[in-house]
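Architecture at a glance
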Amino acid sequence: MLFWSKINKGATEGDEKLTAANKRLLTGIHRLQFEPLPRTKVHSSGMEKLPMMGRRIVLFPLPLLDYMNPMFQLAEILHAKGFSISIIHTNFNAPNPKNHIGFTFHPISDGLLASEASSLDLITLFDILNVKCVAPFRDRLSQMLSDALEEEPIACLITDGMLHFTQTVADSLKLPRLVLRTSNVSSLLAIAALPLLRQKGYLTVQDSQSELPVPELPPLKVKDIPSVRSSNSEAFFQLTTRVCKGIKASHGLIVNTFEELEDPAIAIVRQDFQIPVFAIGPFHKIIPASSSGLLTLDKSCIEWLNTQAPKSVLYVSFGSAAAIDEIEFGEIAWGLANSERPFLWVVWPGMVRGSKGSHPLPDGLTQMISGRAHIVKWAPQEDVLAHPATGGFWTHNGWNSTLESICEGVPMICLPFIADQMSNARYVTDVWNVGLRLEGKLERGEIAMTIRGLMSEKEGKEMRERAAFFKEKANLCLEEGGSSYKSLESLASHISSF
Ligand code: UDX
């Protein structure tokens, strides 16, 4: 994710609305949701616990839920490979050490003002962290390196790509740094291409040209370029340029993806960035994803799914951040109802802008969907997607959701809102061919028709076959000899070689 935003996806997606979309309010749901991974159910393949290698890795996550979870998953994976783990973390959104037995935790003062932590847009927050954390991070890491002389040597530093300042610090301390990218490689290509796209004028095109293809970056269209029409696009541009520079200067890139899914993009990044790329995902198939501390998983939906016919249910969730407006909520609800298909819908409190609690369904709808709908505040998504009754997923295409759906062979309806979700959706529909895209204004008739298309035996057949193909690949890549298995072995050797 590039933005954890309250989304304002309206009928027209002009500058003003996308500006609002880029505003990230670090509200209660965001701040409190972080509950680090329970330790530790590890996928058997490739993860045999090794004797301690006598090498320590220091990890530094970006302190936001969707960035911290994959970093902690990676930490657990490397721990299971025999490395000792130290976590440097900000006081803001500090993790709970009790959930990670065996790790050592090293807080640093991030200097974030309450107002900065609670009301800034994400790009600004990233910029501030990249400035305010420099001195405390360098001092802490430097102290850890001197302590390590008498204890266990520190092999390397792994940080989130967004924390680009850490490359300079690592260089100054002569410590190899690797980068974790929590989204995918294809969207990295898109941000790496921004300087070229800007030079060619793509970043200032009119709305009317948003459907044009970008031949320099197939299969993306202009509207899929990350943040192209945001008003803080200059800050975004500068940030992503620094992020890419930091990745290029690093000792390697670790990504939560697998070769069979993103082989061409991975090959391009290897060539263009001239660094090793380790596609070792899907992480959640190795280490279970974190639970959400704020929203309790409603397991009633599994019981409800148990009563439904195989592959009959559409699962609907727009992740943890994408808020919609009242009108869109109504169109979605009526679209689901009119599709005449069973559905399981995640509607978390506050998801409809302006409503703090649960939002009521439009009048007359409850009766119409009675018996074929189940609505929850928060679902055990991985279990839902793996359930035999689930036949489709209407998603915002956050990378975690997209990957989880691919891993379970569930075809998607794509409704991307912003940032990497746009290119993720394009890959889902045009490259992997495992989904349909809802375009333009949300409208009940169009929604119902798209749902019927995805869920119909005939029209959705090819997508289901492609989805089943990737599901198999996602499983095989983690088995001994599989691409992610081998990549993880290479990563462990790479780190051990420092
Ligand atoms: C964000 C961005 O949207 C995304 O583009 C980026 O790649 C990562 O950060 P988010 O919007 O929350 O994340 O979406 P996503 O990446 O899909 O993550 C949502 C996570 O919440 C998934 O792991 C999903 O399994 C989980 N979830 C969602 C639940 O467990 N239950 C739910 O009801 C809904």
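See the structure above.
Every chain is numbered independently, its residues counted from 1 as its sequence is written. It should be noted that, the model being predicted, local features are given only for residues of pLDDT at least 70 and side-chain atom pairs only at 80 or more, the latter also being counted only at that level, while totals for whole chains, interfaces and linings use all residues. The basis for every side-chain value is the complete set of heavy atoms in the structure, and neither hydrogens nor water enter the calculation.

Turning our attention to the packing of aromatic side chains. Each aromatic pair joins two rings of Phe, Tyr and Trp (for Trp, the six-membered one) with centres within 6.5 Å, and gets the label stacked for planes under 30 degrees apart, edge-to-face for over 60, and tilted for any other angle. Scanning all chains against the criterion turns up 13 aromatic pairs. Ring geometry for tyrosine 427 and tryptophan 432: centres 5.5 Å apart, planes at 45°, overall tilted. In this structure, tyrosine 427 and tryptophan 432 share a single accessibility class: buried. Ring pairing ties together the aromatic residues Phe60, Phe137 and Phe165, which thus form one cluster. Positioned over the ring face of phenylalanine 237 is arginine 198, at 3.7 Å from the centre of the ring. Here the guanidinium or amino end of lysine 248 rests over the ring plane of phenylalanine 273, the centre of that ring lying 4.9 Å away. Partly exposed residues are those whose accessible area sits between 20% and 50% of the maximum for their type, while under 20% is buried and over 50% is exposed, using a 1.4 Å probe and protein chains only. To sit over a ring, a charge needs its Lys NZ or Arg CZ within 6 Å of the ring centre and within 35 degrees of the ring normal.

With that settled, the discussion passes to the sheet that holds strand S13 (residues 435-437). Should DSSP find at least two bridges between two strands, the strands are taken to pair. Only DSSP runs of H or I covering at least 4 residues are called helices, and only runs of E covering at least 2 are called strands; the numbering of each starts at the N terminus. One open sheet holds the six strands; their spatial order is S10-S9-S8-S11-S12-S13, and the pairing between them is parallel. Of all the strands in the sheet, just strand S10 (373-376) and S13 have a single pairing partner and so form its edges. Averaged over all pairs of adjacent strands, the angle between strand axes in this sheet comes to 15°, irrespective of strand direction. Pairing analysis gives three bridges linking strand S11 (residues 390-395) to strand S12 (residues 412-414), with the strands arranged parallel. Pairing of threonine 395 across the sheet is with cysteine 414, part of S12. Working convention: axes come from line fits to C-alpha atoms, limited for helices to the stretch in contact. Angles between N-to-C directions cover 0 to 180 degrees.

Moving on: the packing of helix H8 (residues 185-192) against helix H11 (residues 259-273). Their axes nearest at 8 Å, the elements H8 and H11 cross at an angle of 45°. As judged from the angle between their axes, H8 and H11 are oblique. Helix-helix and strand crossings are classified by hand; for H8 and H11 the assignment is left-handed. Where H8 abuts H11, its residues Val185, Ser186, Leu188, Leu189 and Ala192 lie against Glu262, Ala265, Ile266, Ile268, Val269 and Phe273. Classifying every residue of the contact of H8 with H11 by side-chain character gives nine nonpolar, one polar and one charged. The cut-offs work like this: below 35 degrees is roughly parallel, past 145 is roughly antiparallel, 65 to 115 is roughly perpendicular, and the gaps in between are oblique. It is the rotation of the near helix from the far one that decides the hand of a crossing: anticlockwise by less than a right angle makes it left-handed, clockwise makes it right-handed. By definition, residues are in contact when any of their heavy atoms lie within 4.5 Å. Note that Gly is not counted as nonpolar here; it falls among the polar residues with everything else outside the nonpolar set of Ala, Val, Leu, Ile, Met, Phe, Trp, Tyr, Cys and Pro and the charged set of Asp, Glu, Lys and Arg.

What follows is about helix H6 (residues 134-150). What sets the pattern is the α-helix's 3.6 residues per turn: residues three or four places apart point alike. Here the expected length of a helix is defined as 1.5 Å per residue gap, with one fewer gap than residues. With 17 residues, H6 should reach 24 Å at 1.5 Å per residue; the first-to-last C-alpha distance of 25 Å fits that figure. Within the sequence span of H6, burial applies to Phe137, Leu141, Met144 and Ala148. Here the buried residues of H6 occupy an arc of 60° about the axis, which is enough to place them on one side. Summarising the geometry of H6, the exposed residues directed more than 90 degrees from the buried face are Leu149 and Glu150. Throughout, the arc means that of the directions going from the helix axis to the C-beta atoms.

Moving on to the pairing of strand S9 (residues 343-346). Two faces, one strand: in a regular strand the side chains alternate between the faces of the sheet. Every second residue of S9 is oriented toward a common face, with Phe343 and Trp345 on one face and Leu344 and Val346 on the other, all of them buried. Note: strand S8 (residues 313-317) against S9, three bridges, orientation parallel. Across the sheet, valine 316 pairs through a bridge with tryptophan 345, a residue of S9. A crossover links S8 with its parallel partner S9, the connecting element being helix H13 (residues 326-339), and its sense is right-handed. Relative to S10, S9 runs parallel, the two being bridged by four bridges. Within S10, the position partnered with valine 346 by the bridge is valine 376. When the strands point away from the viewer, a crossover counts as right-handed if the path from the first strand over the helix to the second runs clockwise.

Our focus in this paragraph is the sheet that holds strand S3 (residues 104-108). Overall, parallel pairing links the seven strands, which are arranged S3-S2-S1-S4-S5-S6-S7 in an open sheet. The open sheet has two edge strands with one neighbour each: S3 and strand S7 (277-279). Ignoring which end each strand starts from, the neighbouring axes of this sheet average 25° apart. Those strands touched by helix H20 (residues 483-496) are strand S1 (56-60), strand S4 (154-160), strand S5 (177-181), strand S6 (253-255) and S7, and its axis lies near 135° from that of S7.

A few words on the pattern of salt bridges. A side-chain nitrogen of Lys or Arg and a carboxyl oxygen of Asp or Glu constitute a salt bridge if their distance falls within 4 Å. Enumeration over the complete set of coordinates arrives at 18 salt bridges. Among the ionic pairs, glutamate 408 bridges to lysine 285, the shortest N-O distance being 2.7 Å. Highlighted residues: glutamate 408 in the loop between helix H16 (399-407) and S12 and lysine 285 in the loop between S7 and helix H12 (300-306), separated in sequence by 123 residues. Here the salt bridges do not stand alone but share partners, grouping Glu211, Lys221, Lys223, Asp224, Arg426, Asp430, Arg437 and Glu439 into one network.

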